[in-house]
Amino acid sequence: MTTLDDAALRRLSQEFEEAEPQEIIAWAAETFCPALAVTSSFQTQSLPLLHMIAAIRPRLRVFFIDTGMHFWETLLFREHLEAELGLNVVDLYPDDRWRPFLRNFGRRLPLEDPNLCCYLRKVQPLQKAMSELQAWISGIRRDQTAVRARAQILERHANGLIKVNPLLNWTRDDIEAYRKRYNLPAHPLLRKGYPSVGCAPCTRPVAPGTEDERAGRWVGQEKRECGLHTEMFDKTLTLSLETLATPEADEENC
Ligand code: SF4
């Protein structure tokens with residue numbers, strides 16, 4: 001178990017402001033493996049981080065959160081990149097206890113309560129997967145959203161889990177330059193106007209040249225983040241499962 005007190009974490013995070021992403025990833029691998037994983041949504045902008053992981057620590061687990069609501073193009077792109085880069089991808093799914101609830105209400109949920117939807121489909125599966133780890137690597141950048149602009153390269157969650165953000169100081173142009181340098185592919189929906197791709201019900205194409213690459217996410221709603229990179233990740237749903245879930249028919253009780 002690696003221990004880094006808050007002062008050491010802040011000092012190191014400050015030093016990493018000047019470091020290349022590969023140095024930060026290599027430090028995280030040396031420090032935390034095997035209690036380390038990376039998360040990826042397998043978008044065009046995910047390519048540099050995945051490419052670096054493949055070169056530095058190819059067996060590192062790459063968590064992909066399969067919400068059941070992805071575009072089919074995303075699922076094919078995930079398969080393609082796993083094979084091409086030799087990644088160790090682990091798919092995460094909503095907890096089985098939510099299956100009846102999601103079967104009955106899952107299509108309405110993105111519109112009627114997207115925060116609950118993101119919690120059940122994204123946040124809770126990742127919380128569970130992270131419970132055994134010491135640290136995780138994420139690909140967020142400061143130029144993406146106001147929340148991400150305030151992030152640090154090294155952060156500590158309430159439960160002690162350390163989050164490592166090696167690409168925090170990169171811009172969209174840096175991503176494109178890296179992708180071109182290594183001839184890396186783009187998500188199939190990029191050329192159809194999707195610079196950022198989330199779940200199908202919550203993602204729209206954006207006008208060419210739109211400054212905000214996430215302008216097509218949760219259009220018409222206040223929501224800007226799914227919760228993986230906000231304080232929601234440190235919370236536990238307080239609603240009772242029994243209150244929300246619709247029990248499956250049990251033959252013995254019929
Ligand atoms: S992005 Fe939309 S569909 Fe996906 S989990 Fe969040 S609310 Fe649900």
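About the criteria used
Every chain is numbered independently, its residues counted from 1 as its sequence is written. pLDDT decides what is reported in this predicted model: residues at 70 or higher carry local features, side-chain atom pairs at 80 or more are listed and counted, and totals for whole chains, interfaces and linings draw on all residues regardless. Note that water and hydrogens are dropped before the side-chain values are worked out from all heavy atoms of the structure. Secondary structure elements follow DSSP: runs of H or I of four or more residues count as helices, runs of E of two or more count as strands, with numbering from the N terminus. A helix is expected to span 1.5 Å for every residue after the first. A 1.4 Å probe rolled over the protein chains alone gives each residue an accessible area, and that area as a share of the maximum for its type sets the label: buried under 20%, exposed over 50%, partly exposed in between. Note on contacts: a residue pair qualifies if any of its non-hydrogen atoms lie within 4.5 Å across the two residues. Only the contacting stretch of a helix is used when fitting its axis, a line to C-alpha atoms as for every element, and angles between N-to-C directions run 0 to 180 degrees. Here roughly perpendicular refers to angles of 65 to 115 degrees, roughly parallel to angles under 35, roughly antiparallel to angles over 145, and oblique to all remaining angles. Note on aromatic pairs: the rings of Phe, Tyr and Trp (six-membered ring only in Trp) are paired at centre separations within 6.5 Å, and the planes decide the class, stacked below 30 degrees, edge-to-face beyond 60, tilted for the rest. Definitions for this section: a left-handed crossing has its near helix turned counterclockwise from the far helix by less than a right angle. A right-handed crossing has that turn clockwise. Residue type decides the class: Asp, Glu, Lys and Arg count as charged, Ala, Val, Leu, Ile, Met, Phe, Trp, Tyr, Cys and Pro as nonpolar, and the leftover types, Gly among them, as polar.

## As for helix α2 (residues 21-32)
Next, step 1: Here α2 contains 12 residues, and its C-alpha end-to-end distance of 16 Å stays within 8% of the 16 Å for a straight helix at 1.5 Å per residue.
Next, step 2: Buried within α2 we find P21, I24, I25, W27, A28, A29 and F32.
Next, step 3: The inward-facing, buried residues of α2 abut α1 (6-16), β1 (36-39), α3 (47-56), β4 (135-137), β5 (154-156) and β6 (162-164).

## What about the packing of α3 against helix α9 (residues 172-181)?
Next, step 1: Following both chains from N to C, one finds α3 and α9 inclined at 50 degrees, their axes separated by 9 Å at the closest point. The orientation of α3 with respect to α9, classified from their angle, is oblique. Two secondary-structure elements touch here, α3 through L47, P48, H51 and M52 and α9 through I175, Y178 and R179.

## Re the environment of I56
Next, step 1: Note on placement: I56 falls in helix α3.
Next, step 2: The partly exposed category is assigned to I56, whose relative accessible area is 28%.
Next, step 3: Residues in contact with I56, not counting those within four places in the same chain, are Q22, I25 and A26.

## As for the packing of aromatic side chains
Next, step 1: What the rule picks out here adds up to 8 aromatic pairs.
Next, step 2: Measuring from centroid to centroid gives 5.5 Å for F71 and Y194, while their planes differ by 70 degrees, and the two rings are edge-to-face. Residue F71 is located in the loop between β2 (61-65) and α4 (72-85), and its partner Y194 is located in the loop between α9 and α10 (241-244); the two are separated by 123 residues in the primary sequence. One exposure class covers both F71 and Y194, and it is buried.

## Focus: the packing of α2 against α3
Next, step 1: At their nearest, the axes of α2 and α3 sit 10 Å apart, and the two run at 50 degrees to each other. Judged by the angle between their axes, α2 and α3 are oblique. The element α2 and its partner α3 pack so that their crossing is right-handed. Here P21, Q22, I25 and A26 of α2 come into contact with α3, specifically with L49, M52, I53 and I56.
Next, step 2: Taken together, the residues of the contact of α2 with α3 sort by class into 7 nonpolar, 1 polar and no charged.

In short, shape yes, function no, at least from these values alone.
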